[in-house]
Amino acid sequence: MTEQLTREDLRRRVAGLLAENDPQATDRLAFLRARYDAGLAWVHYPVGRGGLGLPREWHSDVERQLAEAGAPDNEPRRIGIGLGMAAPTILAFGTPEQQERFLRPLWTGEEVWCQLFSEPGAGSDLAGLATRAVRDGDGWIVNGQKVWTSSAHTARFAILVARTDPDAPKHRGLTYFLCDMTDPGVDVRPLRQLTGEAEFNEVFLTDVRIPDSQRLGAEGEGWKVATATLNNERVAIGGTPMPREGGMVGKVAADWRAHPEARTHDLHQRLLRLWVEAEVARISGMRLRQKLAVGRPGPEGAAMKLTFARLAQHLSGLELELLGEEGLRYESGRGWEMVRPDKVDFTGRDAGYRYLRAKGNSIEGGTSEILRNIVAERVLGLPAEPRTDKDVPWKESVR
């Protein structure tokens, strides 16, 4: 049936959802559940999984129609890891039972997700991670430490990569799991950042039992599954749809127009150059999403995330120079307080916060140095760096 749907059919389906669930009178969660069940959560997903099997680009029609009707959204900033990383990975590698269990509450925001990948000794070299998962009957016992875990303090579930075969080379001995963050043995501790806040965490796993039914993909194929997650993560960070002059460049341009007294020739030239680069990135993101419509994301997402980080840092620095003393004020006098935010909001915060928080953009989602290697090797086809430990058993490798 879905193959015969037209864009007009899709608009009528949205109108039917609104007629049956008045956004002004329906409970927010009830509306989101109804939207998922109608296949309007993400129209490119399969029927029964929040979608209709339609072209990805048609989803913008749904969002526009619902926004015009004043319908609630699912707070994508709060559940970005679930939407951008966990959901596409579960869809690609999960069993029907896993998809049925996890996708709906993930999309409605009833269950927040986090990512247990990086470790103190395995960040850029993720395949060298040391967290161990040992088979125990119909489950696994997991021990280890993860770090830089966004939203771990609010998350119900996590996507987790652990080592299940230390005798295999580092890329081949990993397995991917879905971890319940409320299980015994999961200890979440805050990591205070340059901003004064603690949106990141370190997570200690001590004899955490994960049933084998929450293994995603085959045993030993964790690197394959994790690579798909990372590709989706970079697209989610760097390839988010933006209107012209949206995001960080829009904030800086607005400050430029509001402060004619602060304008200089040098700042003007820098703003023009960054505005052009932001527009190139926006259009490149459109092309990347068109490619996504016909398959899974590839290494091109690394280039988008790399560009996003560089632009965010340059633009936030330019904004601070433009605003002068006003730009140094942090959160309108709130102070450098220790808080535990449940989302990151660049455009809704002060310039001082943006400047400090943008420093993390070149680390999260893969460091800029690693992403340059990915672009060089997998996009440009340049010779790979020597990797002497590629075929060495993990337990014999130097860490």
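Our subject in this report is the structure included herewith. (Residues numbered from 1 in each chain as written. Predicted model: local features only at pLDDT ≥ 70, side-chain atom pairs only at ≥ 80, totals over all residues. Heavy atoms only, no water.)

**Some remarks on the overall build of the protein**
Quick reminder of the rule: Helix numbering and strand numbering both begin at the N terminus, where a helix is a DSSP run of H or I of at least 4 residues and a strand a DSSP run of E of at least 2. Only the C-alpha atoms count toward the radius of gyration. The rule for a globule is 2.2 Å times the residue count to the power 0.38. Exposure is judged per residue with a 1.4 Å probe applied to protein chains only, and the accessible area is read against the type maximum: over 50% gives exposed, under 20% gives buried, and values in between give partly exposed. Any two residues having at least one pair of non-hydrogen atoms within 4.5 Å are treated as being in contact. A 1.4 Å probe and the Shrake-Rupley method give the accessible areas. Residues count as covered only by the protein chains that appear here.
Scanning the protein for helices and strands turns up 12 helices and eight strands. Over its C-alpha trace the protein gives a radius of gyration of 22 Å, about what one expects of a compact globule, namely 21 Å for 399 residues. C-alpha extents for the protein along the principal axes are approximately 70 × 55 × 45 Å. Burial analysis of the protein (399 residues in total) assigns 50% to the buried set. Contacts spanning at least 24 positions in sequence make up 71% of the contacts within the protein whose residues lie at least 6 apart. In the structure as shown, the protein presents an accessible area of about 18900 Å², 52% of it carried by carbon and sulfur atoms.

**Thoughts on the pairing of strand E5 (residues 174-180)**
Within a regular beta strand, the side chains point alternately toward one face of the sheet and then the other, so they alternate between its two faces. To keep it simple, the criterion reads: Only strands joined by at least two bridges in the DSSP assignment are considered to pair.
Judged by how many residues are buried, E5 sits mostly within the fold: seven of seven residues are covered. What you see with E5 is no split at all: Leu174, Tyr176, Leu178 and Asp180 on one side and Thr175, Phe177 and Cys179 on the other are buried throughout. Two elements, strand E4 (residues 157-163) and E5, share seven bridges in a ladder whose sense is antiparallel. Bridge assignment links valine 161 to a residue of E5, and that residue is tyrosine 176. Taken together, the two bridges between E5 and strand E8 (residues 215-216) define a ladder with antiparallel strand orientation. Considered in E8, the bridge of tyrosine 176 is made with leucine 216.

**Some details on the pairing of strand E2 (residues 132-136)**
Relative to strand E3 (residues 139-146), E2 runs antiparallel, the two sharing five bridges. The partner of alanine 133 across the bridge, within E3, is valine 142. The antiparallel hairpin formed by E2 and E3 contains two residues in its connecting segment, where glycine 137 sits at a positive phi of about 65 degrees.

**Quick look at the pattern of salt bridges**
For clarity, the threshold we go by: For this analysis, a salt bridge means a side-chain nitrogen from Lys or Arg found within 4 Å of a carboxyl oxygen belonging to Asp or Glu.
Evaluated as defined, the whole model comprises 36 salt bridges. For glutamate 279, the salt bridge identified is with arginine 282, shortest N-O distance 2.6 Å. Highlighted residues: glutamate 279 and arginine 282, both in helix H8 (residues 265-292), separated by three residues, approximately one helical turn. Connected through salt bridges with shared partners, the residues Arg7, Glu8, Asp9, Arg11, Arg12, Asp61 and Arg64 form a single ionic network.

**Description of helix H12 (residues 368-379)**
To keep it simple, the criterion reads: Multiplying one less than the number of residues by 1.5 Å gives the expected span of a helix.
If you check H12, its first and last C-alpha atoms are 15 Å apart, about what 12 residues at 1.5 Å a residue would give, namely 16 Å. Every buried residue of H12 is listed here: Ser368, Leu371, Ile374, Val375, Ala376 and Glu377. One or two residues past the end of H12 sits glycine 381, with phi positive at roughly 75 degrees.

**Regarding the side chain of glutamine 115**
Take glutamine 115: it is sitting in strand E1 (residues 113-116). Every residue in contact with glutamine 115, bar those within four places of it in the chain, is listed here: Ile81, Met85, Thr149, Ile159, Leu230 and Glu233.

**Observations regarding a nonpolar patch on the surface**
Cut-off, in case you're wondering: In this analysis, a patch consists of residues with relative accessible area above 30% that form no salt bridge, clustered at 9 Å for like charges and at 5 Å for the nonpolar side chains Val, Leu, Ile, Met, Phe, Trp and Tyr.
Together, Val379, Leu380 and Leu382 line one region of the surface with nonpolar side chains, adding up to about 270 Å² of accessible area. On the secondary structure map, leucine 380 appears in the segment after H12.

**Description of the packing of aromatic side chains**
For clarity, the cut-off: Two rings from Phe, Tyr or Trp (for Trp, the six-membered ring) form a pair when their centres sit within 6.5 Å of each other. Planes less than 30 degrees apart are called stacked, planes more than 60 degrees apart edge-to-face, and all others tilted. Charge-over-ring placement is defined geometrically: NZ (Lys) or CZ (Arg) within 6 Å of the ring centre, and within 35 degrees of the ring normal.
Counted according to the given criterion, the structure contains eight aromatic pairs. With a centroid separation of 5.1 Å and an interplanar angle of 80 degrees, the aromatic rings of phenylalanine 102 and phenylalanine 157 are classed as edge-to-face. Taken as a pair, phenylalanine 102 in helix H5 (residues 96-108) and phenylalanine 157 in strand E4 lie far apart in primary sequence, 55 residues in all. The class of phenylalanine 102 is buried, set by a relative accessible area of 4%. Connected via pairs of aromatic rings, a cluster forms that spans Phe102, Trp113 and Phe157. A cation over an aromatic ring shows up here: arginine 189 above the ring of phenylalanine 204, its NZ or CZ 4.1 Å from the ring centre. Here arginine 349 stacks its cationic end above the ring of tyrosine 353, 3.7 Å away from the centre of that ring.

**A few points about the packing of helix H4 (residues 80-93) against H5**
We apply this condition: Fitted lines through C-alpha atoms serve as axes, helices being fitted only where they are in contact, and the angles separating the N-to-C directions of these axes extend from 0 to 180 degrees. Here roughly perpendicular refers to angles of 65 to 115 degrees, roughly parallel to angles under 35, roughly antiparallel to angles over 145, and oblique to all remaining angles. Handedness of a helix crossing follows the sense of rotation of the near helix relative to the far helix, less than a right angle counterclockwise being left-handed and clockwise being right-handed. Classification used: nonpolar for Ala, Val, Leu, Ile, Met, Phe, Trp, Tyr, Cys and Pro, charged for Asp, Glu, Lys and Arg, polar for all others including Gly.
Remark: H4 packs on H5, axes separated minimally by 10 Å, with the N-to-C direction vectors making an angle of 165 degrees. As summarised for this structure, H4 and H5 are arranged roughly antiparallel, according to the angle between their axes. Crossing geometry of H4 relative to H5 is assigned as left-handed. In this structure, H4 contributes Gly82, Leu83, Ala86, Ala87, Ile90 and Leu91 to the contact, and H5 contributes Gln98, Gln99, Phe102, Leu103, Leu106 and Trp107. Tallied by class, residues from the contact of H4 with H5 come to nine nonpolar, three polar and no charged.

**Concerning the nonpolar core**
Put simply, the rule reads: As used here, the term nonpolar core means buried Ala, Val, Leu, Ile, Met, Phe, Trp, Tyr and Cys residues forming a set that is joined through side-chain atoms within 4.5 Å.
Grouped together as the largest cluster of nonpolar side chains are 52 residues, with contacts concentrated most on Trp42, Trp113, Tyr176 and Met181. Per element, the largest residue contribution to this core is seven residues, and it comes from H4. Excluding its chain neighbours within four sequence positions, the residues that come into contact with tryptophan 42 are Tyr36, Arg49, Gly50, Gly51, His59, Leu83, Ala87, Leu103, Leu106 and Trp107.

**Describing the environment of phenylalanine 102**
Through-space distance from the C-alpha of phenylalanine 102 to that of arginine 378 is 32 Å; in sequence the pair is 276 residues apart. Residues contacting phenylalanine 102, with those up to four places away along its chain left out, are Ile90, Trp113, Phe157 and Leu178.

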